[in-house]
Amino acid sequence: MAFSKVMWLPYSYISRIANLVLQRLWHNMHLILNTYYLVVGIACVLESYLISSGLWKEYKAFNSSKVKYLAIVVDSEEAYLTSRIVKLVSWLEALGVKHICLYDAEGVMKKSKEAIVEKLNKVTILEGAAEKDKLVSQNSMTLEFASFSDGKEAVAKAANLLLGTYMKLAELGGDQEEKIFTEPYMAEALKATGCNVIEPDLMLVYGPVRCHHGFPAWRIRYTEIVHMGSLAEMKYGSLIKVIYEFTMVRQNYGK
Amino acid sequence: MLTEKTGGIKSLLFGGLVTFLRICLFKVIATGPIPEHIAFIMDGNRRYAKKHNFAEGSGHKAGYSSLVSMLGHCYELGVKYVTVYAFSIDNFKRRPDIVKFLMDLMLEKIELLLGEEGLVNQYGLRIYFIGNLKLLSEPVRAAVEKVMKATENNKRAVLLVCMPYTSTDEIVHAVKQSCENKRREIQTPVATKLANGASEGVEVMMELRKLANINLVDVEKHMYMGVAPDPDILIRSSGETRLSNFLLWQTANCPLYSPAALWPELDIRHLVWAVLNFQRSYPYLEKKKQKKISE
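In this text the structure is predicted, and so the values were computed from the model without any measurement.

Rules used in this analysis
Residues numbered from 1 in each chain as written. Chains lettered and ligands numbered in written order. Predicted model: local features only at pLDDT ≥ 70, side-chain atom pairs only at ≥ 80, totals over all residues. Heavy atoms only, no water. Contact = heavy atoms within 4.5 Å. Buried area = accessible area lost by both parts, 1.4 Å probe. Salt bridge = Lys/Arg side-chain N within 4 Å of Asp/Glu carboxyl O. Polar contact = N/O pair within 3.5 Å; in protein donor to acceptor, adjacent residues only side chain to side chain. Helix = DSSP H or I, 4+ residues; strand = E, 2+ residues; numbered from the N terminus. Nonpolar A, V, L, I, M, F, W, Y, C, P; charged D, E, K, R; others polar. Pairing = 2+ DSSP bridges. Axes fitted to C-alpha atoms, helices over the stretch in contact; angles between N-to-C directions. Patch = residues over 30% accessible without salt bridge, like charges linked within 9 Å, V, L, I, M, F, W, Y side chains within 5 Å. Areas by Shrake-Rupley, 256 points an atom, 1.4 Å probe, with all protein chains shown as cover. Buried < 20%, exposed > 50% of the residue type's maximum accessible area, 1.4 Å probe, protein only. Expected span 1.5 Å × (residues − 1). Core = buried A, V, L, I, M, F, W, Y, C linked by side-chain atoms within 4.5 Å. Phe/Tyr/Trp six-rings, centres within 6.5 Å; stacked < 30°, edge-to-face > 60°. pLDDT = per-residue confidence, 0-100.

**Student:** Even after reading the chapter, I still don't get the interface of chain A and chain B, so can you show me in this structure?
**Tutor:** Interfaces are often described in size by the accessible area the parts lose on coming together. Between chain A and chain B, the residue contacts involve 51 residues of the former and 58 residues of the latter. With both sides pooled, the region where chain A packs onto chain B buries about 5100 Å², and carbon together with sulfur makes up 63% of that total. The interface formed by chain A and chain B contains five salt bridges. Taking the shortest distance from any N to any O, the salt bridge between K287(B) and E77(A) comes out at 3.2 Å. Summed over the shared surface of chain A and chain B, the number is 26 residue pairs in polar contact (both at pLDDT 80 or more). Per-element accounting of the side of chain A that touches chain B gives the leading share, twelve residues, to helix α6 (residues 152-172) of chain A. Taken together, the residues of the side of chain A that touches chain B sort by class into 26 nonpolar, twelve polar and 13 charged.

**Student:** Just to check I follow, could you spell out the sheet that holds strand β4 (residues 157-162) of chain B for this structure?
**Tutor:** Two modes of strand pairing occur in sheets, parallel and antiparallel, and in both the strands are linked by backbone hydrogen bonds. Residues and elements named next belong to chain B. Spatial ordering of the open sheet is given by β3-β4-β2-β1-β5-β6, a layout of six strands whose pairing is parallel. The sheet is open, and its two edges are formed by β3 (125-130) and β6 (256-257), each paired on a single side. Taken together, the six bridges between β3 and β4 define a ladder with parallel strand orientation. Bridge pairing in β4 links L125 to A157. On top of the sheet, helix α10 (residues 268-294) reaches β1 (37-41), β5 (233-236) and β6; it is set at about 145° to β5, its chief contact.

**Student:** Looking at this structure, I do not really get a nonpolar patch on the surface. What am I missing?
**Tutor:** Taken together, the side chains of W8(A), L9(A), Y11(A), Y13(A), I17(A), V21(A) and L25(A) define a hydrophobic patch exposed on the protein surface, amounting to about 790 Å² of accessible area. Secondary-structure assignment places L25(A) in helix α1 (residues 2-52).

**Student:** Please explain the pattern of salt bridges as it appears in this structure.
**Tutor:** Any two side chains of opposite charge can pair, on the condition that their charged atoms come close. A full pass over the atoms with the stated rule returns 27 salt bridges over all chains. A salt bridge links R242(B) to E224(A); its shortest N-O distance comes to 3.0 Å. Taken together, the residues span two chains, with R242(B) in the loop between β5 and β6 and E224(A) in strand β6 (residues 224-229). Residue classification places E224(A) among the buried positions, given a relative accessible area of 3%. Two residues, E152(B) and K149(B), come together in a salt bridge whose shortest N-O distance is 3.1 Å. Looking at E152(B), the relative accessible area reads 33%, which means it is partly exposed.

**Student:** Is there a simple way to explain the environment of M106(B) in this structure?
**Tutor:** All names here are of chain B. In this fold, M106 is placed in helix α4 (residues 96-113). For M106, a relative accessible area of 13% puts it in the buried group. Considered as a pair, M106 and V140 are 34 residues apart in the sequence and their alpha carbons are 7.8 Å apart. Excluding anything up to four places from it in sequence, M106 contacts A86, F87 and M163.

**Student:** Would you mind going over helix α3 (residues 56-77) of chain B with me for this structure?
**Tutor:** Across its 22 residues, α3(B) extends 32 Å between first and last C-alpha, which sits within 8% of the 32 Å expected from 1.5 Å per residue. G78(B), located one to two residues past α3(B), shows a positive phi value of around 110°.

**Student:** How should I be thinking about the nonpolar core in this particular structure?
**Tutor:** Nonpolar side chains in soluble globular proteins generally cluster together in the buried interior. The biggest cluster of nonpolar side chains holds 65 residues, and the ones touching the most others in it are M186(A), Y165(B), I171(B), V175(B), L234(B) and F246(B). At nine residues, α6(A) tops the list of elements feeding residues into this core. V175(B) has contacts with V155(A), A159(A), L162(A), F181(A), M186(A) and V219(B), leaving out every residue within four places of it along the chain. Residues M42(B), M70(B), F87(B) and F278(B) belong to the second largest nonpolar core, which totals 57 residues.

**Student:** What exactly am I supposed to notice about the packing of aromatic side chains here?
**Tutor:** The relation between two aromatic rings is expressed through the spacing of the ring centres and the mutual angle of the planes. Residue and element names in this part refer to chain B. Within the structure shown, the criterion is met by 14 aromatic pairs over all chains. Relative to F246, the ring of Y85 has its centre 4.3 Å away and its plane inclined at 15°; by these criteria the two rings are stacked. Here Y85 is found in strand β2 (residues 81-85), whereas its partner F246 is found in the loop between β5 and β6, with 161 residues between them in sequence. No difference in accessibility class separates Y85 from F246, as the two residues are buried.

**Student:** What is the right way to look at the confidence of the model for chain A in this model?
**Tutor:** Fine structural detail should not be taken from predicted coordinates in areas where pLDDT scores are low. Mean pLDDT for chain A: 88, with 94% of residues reaching 70 or above. No element of chain A has a lower mean pLDDT than helix α5 (residues 132-137) of chain A, which averages 75, and none a higher one than strand β5 (residues 202-206) of chain A, which averages 97.

**Student:** For this particular structure, what's the right way to read the side chain of N277(B)?
**Tutor:** Within the secondary structure, N277(B) is located in helix α10. For N277(B), the residues in contact, after removing those within four places along its chain, are L33(A) and Y37(A).

Below is the structure:
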């Protein structure tokens, strides 16, 4: 008994020391990671300056018409920066991107949509369902405002619409009711609830992390998702670079 | 003969050293938060074969080896759920001989998983096959059901193999199941009312309106991926930045990581990098999670 007590003491010291060593090593690892990101951040600022000043010739000419529909996803805590959003939209307009969806999970931008549109020239707010091809042929700029309620909750509303049709067909008999559960029918049901189903070609995420924050799942099957960093530190040069690189992408679509 | 033996001992020692270093590295990383669920899009097998002038099938075989070692690293690190995008419903559009080759390869590998030396025994894995299993050919479907049944009592770790899967198909399936459930719920009281002589038409419609309300919770509980929590990290190899109809519903607050390496080239350093970045964003991600729970 005394022997095991004696053995336990050095063991507990060793394990405490080992934990301290592990924690120190972990902190060091993260210190190296943070230093790396600091250096990358400085390099990005320099690169952005070179691109926006026109000194980097490669980024001077590109065809932004390939970006037919652009989604901007903003972290809800940064979505209050209305002046930044207005600036971003005017940059995109200058680059030739005409159709934009502004999304944040909590609908902050949706609530301030009048304030945003007021500060821009000749912009129409897009409400409800629209066809991508018809929209793209229009020359005027459109802005769509979306939030979490246009994503998962819209699917629940569409499910209720399909339920109504399902019940009616079931009453008629003939096993036709199963046939309404297809992707095209689902898309029609989503449109009928007043949701836009246009799939953006490109999504720019402004926030601390590269994630889509719950953007309507139905619309982002093949959308290229790019992380732009914080909205407060957005840079024109970085925007040019991302759109330029998008115009160089070729997709396989699983084939 | 002697040089062969010393050569063998050298490589054994070297292997042992690499394993020891890996365990030490994982112990250090595990000081911080470890993701509970990692999802992988295994992209780049065909490009790998082309890059090395191999036949197309060799890329997928190399991809399988890469999968086994990546799964081993994840479970060693302490990740409980791993999801892999093995076959998309869109992939059925490929050449029929390629589709057949992939199905045969999957059948062969599914059998291997259950073997003595397989992952199942090593890590106490429970395996789920996620997706529209009705689209699979009979032998593959039977093998898949067999594996799910054989591993259903395993509790240590979980592997979710998405095949054939797309998010949009998953959403439609969940909506269909919700509707079928609601129909069963509605028909019982309505049938009773009709039997008691209530007039058709208005009363039936009113009853329908009261009960016929599918909530988001109803849809979510019928999603194929409802057997696991939402992923904490999604890794897509070969540098592509899109999700290609994978886990669109479940990745609202999931960091997406796109290393440039092709899937057969993905190794421990990419996993370590993804986990370290996850740990760096952890306070922010936890805040989002808590907010979602409180709503």
